[in-house]
Amino acid sequence: MKYLSKEEVVTLEQIAATGVQWMKKKCMSKGYEHTNLQPGVLKCFLSNNVEKVERDVITQNHLFSQNEEFINKGKLNEYVCSDKYTCGVLRKDSFQFHPLNFMKALAQDCINLGASIFENCKFVNYQRNSGKIHANISNNNRVLNMQSEKVVFATGGYGGKEINELKNYWLPIKTFIGVTKPMGNELHYVLKKPLGFSDNRRAGNYYRVLPGNRLSWGRGISAVGNYSRSSLKKVISKEISYFFPELKNIEIDYVWSGNMAYASHYMPYVGATRIGHEDKNVFTIMGFGGHGMNTAPGAAMVLADFMLGKGNNYQVFNKFSRKWNGGLIGPYIAEMKYKYLQIQDYFDLA
């Protein structure tokens, strides 16, 4: 199904590109020195249709004025050594960074500009009074009242009743990450450049070398499943050795998982919290699972512009037909869909 016109597709791409540039500028600013920005992300392909990958790079570079570079199998070995990959696409304008240190620096930035940040709080409800929005927030068994002219719920896989109107359109999906124990020179034998890496499967792996010669390895998604820490460590170690036999039986030091918000059409929601009847000055921005740190800050900027009366580009996010998430059986439907996509990956890459 075709959702958008070419112009709307370009608008979405521009919003994401603006987000990337904002992130990069921030990471290179004073106070953000510990974000450890490293330029370059290499997407590795397991596909046998190498010619299509190269054609797609040419098309996207032309359509979106990008600077992606197709990497053939021979040159790919200069970046990453794995017999599983057939080619790659190098995104020189993309980058990796330390997300926690970034958020700490950003929080300090906000405080310096006069903002207040409250942690360990839970939203209770809100009501309008004398033209103001009064929000009740619980903190340490106390209910505090905050008032403002406008409210934005920036949430995701952990959102609560504040986004009740939208809960029928998204699902909390888990993703899993593990970090190896410090390694020796064998790590730099298989990963020869300080890039971020990923593969082209629908729910593939994404990985990078961390300070201390550790490997961070992200893998898979699940709508219903969970892993014990011991089993997740085994699964991740097995995946690493599948792509890189030289790293066989690598020990995983620690693992974790987290909930991301996914809509049925995989696109974020940006706009009024209440669907059908606009709730003036109450907005939601959520559903960025799978989009990374590009669309999220870009979307925040266009929503901020709208709130300040500077345009309505945010509405491009609502050109998609919202689909019911399946209610109580939604997570199981999503899990079946994910398994189906895995089967598709298997046959596409066979």
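Residues numbered from 1 in each chain as written. Predicted model: local features only at pLDDT ≥ 70, side-chain atom pairs only at ≥ 80, totals over all residues. Heavy atoms only, no water.

Describe the confidence of the model for the chain, naming the residues involved and giving the relevant values.
Do not read the predicted coordinates in detail wherever pLDDT is low. Residue-level pLDDT values for the chain average 87, and 95% of them are 70 or greater. Looking over the chain, one finds the lowest element-wise mean pLDDT in helix 8 (residues 330-349), namely 69, and the highest in strand 2 (residues 68-71), namely 96. (pLDDT = per-residue confidence, 0-100. Helix = DSSP H or I, 4+ residues; strand = E, 2+ residues; numbered from the N terminus.)

Can you break down the pattern of salt bridges residue by residue, with the values?
Tallying each qualifying case throughout the model produces 11 salt bridges. D199 serves as the salt-bridge partner of R201, at 2.8 Å between the closest nitrogen and oxygen. Here R201 falls in the partly exposed class, since its relative accessible area comes to 26%. Residue D199 is classed as buried on the basis of its relative accessible area, which comes to 5%. Each of E69, K75 and K92 takes part in one network of salt bridges that share partners. (Salt bridge = Lys/Arg side-chain N within 4 Å of Asp/Glu carboxyl O. Buried < 20%, exposed > 50% of the residue type's maximum accessible area, 1.4 Å probe, protein only.)

Provide a residue-level description of empty space enclosed by the protein, including the pertinent values.
A complete count under the given rule lists one cavity of 30 Å³ or more for this structure. Lining the largest cavity are 15 residues, and of these Y169, A263, H265, Y269 and R322 sit closest to its centre. Grouping the amino acids of the lining of the largest cavity by side-chain chemistry returns 10 nonpolar, three polar and two charged. (1 Å grid on protein atoms, 1.4 Å probe; cavity = no way out; pocket = protein on both sides within 12 Å on 5 of 7 lines; lining within 4 Å. Points joined across faces, edges and corners; volume = space filled by probe spheres on them. Nonpolar A, V, L, I, M, F, W, Y, C, P; charged D, E, K, R; others polar.)

Would you mind going over the nonpolar core in detail, with residue names and values included?
One finds L42, V80, Y85, L191, Y207 and F244 to be the most contacted residues of the largest nonpolar core, which totals 28 residues. Listing elements by their share of this core, those giving two or more residues are strand 1 (38-45), helix 5 (186-190), strand 11 (214-222), helix 6 (229-243) and strand 12 (252-263). Of all the elements, helix 6 adds the most residues to this core, at four residues. Among residues more than four places away in sequence, those in contact with L42 are I71, L76, Y79, V80, G88, V89, L90, L195, G196, F197 and S198. Core analysis: the next-biggest nonpolar cluster, separate from the first, contains 16 residues, L4, L12, L303 and Y314 among them. (Core = buried A, V, L, I, M, F, W, Y, C linked by side-chain atoms within 4.5 Å. Contact = heavy atoms within 4.5 Å.)

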